[in-house]
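# Notes for the structure review
Read off the chains here:
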Amino acid sequence: NMFLINIQPNDRAALGDFLKGEGVAAPDFTPLVRARITAVNGRPVAEFPAATERGRHELDDEVNLTWSSVLGPDNEVVSGHWWDGGATEPQVSLEEELRAAIGLKLGDELTYTIGGETFTVRLTNTRHVQWDSFRPNFFMVLSPGAVEQFAHTFITSLYVGPGQRSLTVDLVRRFPSVSVIDIGAVIDQVRRTMDRAS
């Protein structure tokens, strides 16, 4: 399995065509936007008493956002309701453990800042996420219409068979801004390190 990150919008179609030409199943591209949480329920984020140290770190650091009209196959809503196609209010879905770590509840409002512009969304549901699915997943997912106007990139994951390993070199040559993370190679390196240590 591989993750491709930092895919520019104007490279997405060409990258999809390249992968199909190499015999790789056409991947889904997931949008990614970097933002900061600057307020919780209208209060500056520095004044919000996070429930845990992890929650404080998430509030103080940059966060990755995406948007989607549909619930991912490896996500399950555990509180609240996923938005429907007619929803007009900007909404956010949080991964349940992160919600608890920050100390938020359904109905709370988060204000994000991207490039000097701010927008506010309401927390309307929480999810359990199967992180081991090797598909792009996010702690924070926004409803459509909340954030698409901001500059964003795309990420994707794909399976590359043993006989297709050389496509990575060609991919990097053709799309130099794309970063490739070979999960299989990372896991192999960790195993080798652990074998040496033991």
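In this report, the structure presented in the accompanying data block is examined. Note that this is a predicted model, so its numbers are computed, not measured. (Residues numbered from 1 in each chain as written. Predicted model: local features only at pLDDT ≥ 70, side-chain atom pairs only at ≥ 80, totals over all residues. Heavy atoms only, no water.)

## Focus: the environment of V178
- Within the secondary structure, V178 sits in the loop between α4 (167–174) and β11 (179–182).
- Residue V178 is classed as buried on the basis of its relative accessible area of 5%.
- Not counting residues within four places of it along the chain, the set of residues in contact with V178 comprises L4, I5, N6, I7 and L171. (Helix = DSSP H or I, 4+ residues; strand = E, 2+ residues; numbered from the N terminus. Buried < 20%, exposed > 50% of the residue type's maximum accessible area, 1.4 Å probe, protein only. Contact = heavy atoms within 4.5 Å.)

## Observations regarding unusual backbone geometry
- Its identity as a non-glycine residue notwithstanding, N6 has a phi of 65 degrees, on the positive side.
- Along the chain, N6 turns up in strand β1 (residues 2–7).
- Phi at N41 takes a positive value of approximately 55 degrees, unusual for a residue other than glycine.

## Let's talk about the pattern of salt bridges
- Using the criterion set out here, one finds 9 salt bridges in the structure.
- Residues R34 and E62 are paired through a salt bridge, measuring 3.0 Å at the closest nitrogen-oxygen approach. With a gap of 28 residues between them, R34 in strand β2 (residues 30–40) and E62 in strand β4 (residues 62–67) connect regions that are remote in the sequence.
- Taking the relative accessible area as the measure of exposure, R34 reaches 40% and is therefore partly exposed.
- D170 is paired through a salt bridge with R173; the nearest N and O atoms lie 3.5 Å apart. Pair noted here: D170 and R173 are both in helix α4, with a separation of 3 residues, about one helical turn. (Salt bridge = Lys/Arg side-chain N within 4 Å of Asp/Glu carboxyl O.)

## Here we look at the nonpolar core
- Counting 26 residues, the largest nonpolar core has I37, L65, V92, Y112, F119, M140 and L142 as its most contacted members.
- Those elements giving two or more residues to this core turn out to be β2, β4, β6 (91–95), α3 (96–102), β7 (109–114), β8 (117–129) and β9 (140–142).
- Of all the elements, β2 adds the most residues to this core, at 4 residues.
- Among all residues touching L65, those that are not within four sequence positions of it are P31, L32, V33, A35, Y112, F119, F138, M140 and L142. (Core = buried A, V, L, I, M, F, W, Y, C linked by side-chain atoms within 4.5 Å.)

## Topic: the layout of surface pockets
- Taken as a whole, the largest pocket spans an internal volume of roughly 570 Å³.
- Forming the boundary of the largest pocket are 27 residues, of which T30, G72, P73, R135 and P136 lie nearest the centre.
- Contributing elements (two or more residues each) for the lining of the largest pocket: β2, β4 and β10 (153–158).
- Considering only residue class, the lining of the largest pocket consists of 12 nonpolar, 11 polar and 4 charged.
- In this structure, the second largest pocket occupies an estimated 300 Å³ of space.
- Forming the walls of the second largest pocket are 17 residues, and the residues nearest its centre are L32, N64, N137, F138 and I155. (1 Å grid on protein atoms, 1.4 Å probe; cavity = no way out; pocket = protein on both sides within 12 Å on 5 of 7 lines; lining within 4 Å. Points joined across faces, edges and corners; volume = space filled by probe spheres on them. Nonpolar A, V, L, I, M, F, W, Y, C, P; charged D, E, K, R; others polar.)

## Brief notes about the pairing of β1
- As paired strands, β1 and β10 are joined by 4 bridges and run antiparallel to one another. For I7, the partnering residue across the bridge sits in β10 and is F154.
- Bridge analysis of β1 against β11 gives 4 bridges, and the strand direction is antiparallel. What sits directly across from I5, in β11, is S179. (Pairing = 2+ DSSP bridges.)

## Let's talk about the side chain of R127
- Mapped onto the elements of the fold, R127 is located in strand β8.
- Buried charged residue R127 carries no salt bridge. Nearest counter-charge: E95, at 7.3 Å.
- At a separation of 2.6 Å, a polar atom in the side chain of R127 contacts the side chain of S93.
- At a separation of 3.0 Å, a polar atom in the side chain of R127 contacts the main-chain carbonyl oxygen of F139. (Lys, Arg positive; Asp, Glu negative; His and termini not counted. Polar contact = N/O pair within 3.5 Å; in protein donor to acceptor, adjacent residues only side chain to side chain.)

## Focus: helix α2 (residues 53–60)
- Within α2, the full set of buried residues consists of G55, E58 and L59. The buried residues of α2 occupy one face: seen down the axis, they fall within an arc of 100 degrees.
- Buried residues along α2 sit in contact with β2, β4 and α3. (Arc of directions from axis to C-beta.)

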